[in-house]
Amino acid sequence: MARAQRILLVGGGHSHVEVLRRFALRPDPQVALTLVSPEPETAYSGMLPGLVAGLYTRAEAHIALPPLARWAGARFLTDRVEALDLHEKTAAMADGMREPFDFVSLDVGSAPDDRVAGARAHAIAVKPVAAFLAAWERMQMDAAGGTVRTIAVVGGGAAGVEVLLAMHARLAAALGAGAPRFALITDQPHVLPGHPPAVRARIGRILVARGVVLHFDSPAVAVEPGAVVVAHGRRIAADRIVWAVAAAAQPWLAASGLACDARGFVRVDEALRSPSHPFVFAAGDCATQAQHPRPKSGVFAVRQGPPLAGNLRRVARGAPTTAYIPQRRALALITTGGRHAIASWGPFVAQGPWVWRWKDRIDRRFMAKYVPPAGAGSAPAPLSPDREQSR
Ligand SMILES: Cc1cc2nc3c(=O)[nH]c(=O)nc-3n(C[C@H](O)[C@H](O)[C@H](O)COP(=O)(O)OP(=O)(O)OC[C@H]3O[C@@H](n4cnc5c(N)ncnc54)[C@H](O)[C@@H]3O)c2cc1C
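Since we're looking at a predicted model, the values are computed, not measured.

(A) Representation of the overall build of the protein in the model. Of the regular secondary structure elements, the protein holds 11 helices and 25 strands. Relative to a compact globule of 391 residues, whose C-alpha radius of gyration would be 21 Å, the protein shows 21 Å and is just as compact. Its C-alpha atoms put the protein at 70 × 40 × 40 Å along the principal axes. Evaluated residue by residue, the protein yields a buried proportion of 51% over its 391 residues. Long-range pairs, those at least 24 residues apart, make up 66% of the contacts in the protein with a sequence separation of at least 6. Counting every atom, the protein has about 17100 Å² of accessible surface; 56% of that belongs to carbon and sulfur. Taken as two groups, the 45 positive and 30 negative side-chain charges of the protein have centres that lie 8 Å from each other.

Structure follows, in structure tokens:
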């Protein structure tokens, strides 16, 4: 029998957790999987606002990666990929090691574009999630101590709005009238671009009812300690600035020589495969399906998991890949702080506690899939025991 093909999964994002689950359910002796992740857990985006609002525990909103990898018979490396050598077929890790592969699959997500002057130094980005959650813990303590009186969120998409409403709900519950005041800053003329006017209007009314000061048509041009500078030099003061603008790609993706779109996201075809390097696959936020571009959203990343798993299995056996065409529109369930949510699907809009309960059921069912059954999985044989120990 031919040697097993080494498939390196970079990042434990929404697509790769499903790849692991599928290999766990149907192991393949032709495939030797390795997962690289800087953290032993990955946040589920659907429950992130609920975690910030205090409705979920950290464990409820995260998938534990080492047990999932073990279940799939995969090696797990705690590290961060910083470059790919596409000639040598190796990935360079933050710890200086190189990991060889036959095929590599990228699912490393995205982070808010922080190229605005001062954003990196003076604002708190909503991604990476671990850093944001640590900053959120400190923010709550500072708000309770009275040193944080105002919080500005920059970015009026679903992530910005949901995080703002979640932070507001948590602080209002804890501090009552002493809770900080919030501002929302966006370069758009309204919140939630891409959603129908009825959804925007409902969210707008909720924001106004919670006393949020809305700054529309106000692109942030700089961030200073204690202020966001928007177009025309206007300064919006805030004790903490949360950065939730449009997603940007990690620079090493394009720097590796992979074909990328204009924003640096990896271009992939209908098989989720790089047109420039057919041994490279990519999914989730870090990829753009050139023929079928879709918003950077967890829903699409989740949907790419099954076709990605299928195609990795096929290429490992030298079989042809199959095409995956993403759905045109996805159901968005937008949370509004407490146990209340708005459903947005095409022109259809609904809201209420029942929408939140519906979303809660969907999310909990999703998370349960990634908890291996008791006793499942055996430790895979490390390729090099020395390297395993060094991580
Ligand atoms: C506050 C907030 C709320 C959101 N709510 C929703 C929602 O309700 N519904 C929705 O559909 N979308 C939502 N989104 C968007 C959603 O988070 C993303 O679209 C989704 O996470 C993309 O999934 P992914 O698999 O591409 O990447 P991610 O889920 O971000 O996973 C990437 C993984 O790769 C790891 N990684 C990163 N860099 C490296 C590296 N160099 N080497 C190795 N590993 C690496 C990370 O640690 C992470 O575990 C929200 C986003 C935010 C910020």
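(B) Broad picture of the site of the ligand. Surveying the vicinity of the ligand reveals 30 residues, the closest of which are H14, T42, D107, Q250 and D285. Contacts to the ligand include T42, whose side-chain N or O atom sits 2.8 Å from an oxygen atom. Note that an oxygen atom of the ligand is positioned 2.7 Å from one of the side-chain N or O atoms of D107. Coverage of the ligand by the protein chains reaches 88% of its 990 Å² of free accessible surface. Broken down by secondary-structure element, the contributors of at least two residues to the shell around the ligand are α6 (158-175) and α9 (298-316). Looking at which domains feed residues into the shell around the ligand, each of domain 1 (5-110 + 249-328 + 357-372) and domain 2 (116-246) supplies at least three.

(C) Quick look at the pattern of salt bridges. A complete count under the given rule lists 16 salt bridges for this structure. Two residues, E18 and R21, come together in a salt bridge whose shortest N-O distance is 3.0 Å. Within this pair, E18 and its partner R21 are both found in helix α1 (residues 14-25), separated by 3 residues, close to a single helical turn. Taking the relative accessible area as the measure of exposure, E18 reaches 2% and is therefore buried. Judged by its relative accessible area of 14%, R21 is buried. Across the pair D363 and K359 runs a salt bridge, and its minimum N-O distance is 3.0 Å. Residue D363 and its partner K359 are located together in helix α10 (residues 353-368), separated by 4 residues, close to a single helical turn.

(D) Focus on the sheet that holds strand β15 (residues 220-224). Read across the sheet, 3 strands follow the order β15-β16-β17 without closing on themselves; strand pairing throughout is antiparallel. Two strands in the sheet have a free side with no partner beyond their single neighbour: β15 and β17 (235-237). Pairs of neighbouring strands in the sheet enclose a mean axial angle of 25°, with direction left out of account. Alignment of strand β16 (residues 227-230) against β17, held across 3 bridges, turns out to be antiparallel. Considered in β17, the bridge of V228 is made with I236.

(E) Main features of the state of the cysteines. As enumerated under the stated definition, the model contains 0 disulfides in all. In this model C260 remains outside any disulfide bridge; the closest cysteine sulfur is found in C286, 9.3 Å from its own. Take C286: its relative accessible area is 0%, and that puts it in the buried class.

(F) Expanded view of the nonpolar core. Membership of the largest hydrophobic core comes to 107 residues, with the highest contact counts inside it found for L84, L106, F132, M167, I203 and V242. For this core, the two domains that each supply at least three residues are domain 1 (5-110 + 249-328 + 357-372) and domain 2 (116-246). In terms of nonpolar packing, the next biggest core, distinct from the first, is built from 14 residues, A220, V223, V230 and I236 among them.

(G) Broad picture of α1. With 12 residues, α1 should reach 16 Å at 1.5 Å per residue; the first-to-last C-alpha distance of 17 Å fits that figure. With 10 of 12 residues buried, α1 is to be regarded as a mostly interior element.

(H) Structural context of the domain arrangement of the protein. Here the protein is partitioned into domain 1 (5-110 + 249-328 + 357-372) and domain 2 (116-246). Between the C-alpha centres of domain 1 and domain 2 there is a distance of 29 Å. Contacts between domain 1 and domain 2 engage 11 residues on the former and 10 residues on the latter. Carbon and sulfur atoms make up 70% of the area that domain 1 and domain 2 hide from each other, which totals about 1000 Å². On the domain 1 side of the interface with domain 2, the three residues burying the most area are L48, P49 and V52, jointly 48% of the side's total. Across the contact surface, domain 1 and domain 2 share 0 salt bridges.

(I) Just the sheet that holds strand β24 (residues 341-345), in detail. Read from one edge to the other, the open sheet built from 3 strands follows the order β23-β24-β25, with strand pairing classed as antiparallel. Where the open sheet ends on each side, the last strands, each with one partner, are β23 (332-335) and β25 (348-352). With direction set aside, neighbouring strand axes in the sheet form an average angle of 15°. Of the strand pairs in this sheet, β23 and β24 are connected by 4 bridges, and their pairing is antiparallel. Across the sheet, residue T335 finds its bridge partner in β24, namely A341.

Cut-off values and rules
- Residues numbered from 1 in each chain as written.
- Predicted model: local features only at pLDDT ≥ 70, side-chain atom pairs only at ≥ 80, totals over all residues.
- Heavy atoms only, no water.
- Helix = DSSP H or I, 4+ residues; strand = E, 2+ residues; numbered from the N terminus.
- Rg over C-alpha atoms; globule rule 2.2 N^0.38 Å.
- Buried < 20%, exposed > 50% of the residue type's maximum accessible area, 1.4 Å probe, protein only.
- Contact = heavy atoms within 4.5 Å.
- Areas by Shrake-Rupley, 256 points an atom, 1.4 Å probe, with all protein chains shown as cover.
- Lys, Arg positive; Asp, Glu negative; His and termini not counted.
- Charge placed at Lys NZ, Arg CZ, Asp CG, Glu CD.
- Near = heavy atom within 4 Å.
- Polar contact = N/O pair within 3.5 Å; in protein donor to acceptor, adjacent residues only side chain to side chain.
- Domains from an automatic or database assignment.
- Salt bridge = Lys/Arg side-chain N within 4 Å of Asp/Glu carboxyl O.
- Pairing = 2+ DSSP bridges.
- Axes fitted to C-alpha atoms, helices over the stretch in contact; angles between N-to-C directions.
- Disulfide = S-S within 2.5 Å.
- Core = buried A, V, L, I, M, F, W, Y, C linked by side-chain atoms within 4.5 Å.
- Expected span 1.5 Å × (residues − 1).
- Buried area = accessible area lost by both parts, 1.4 Å probe.

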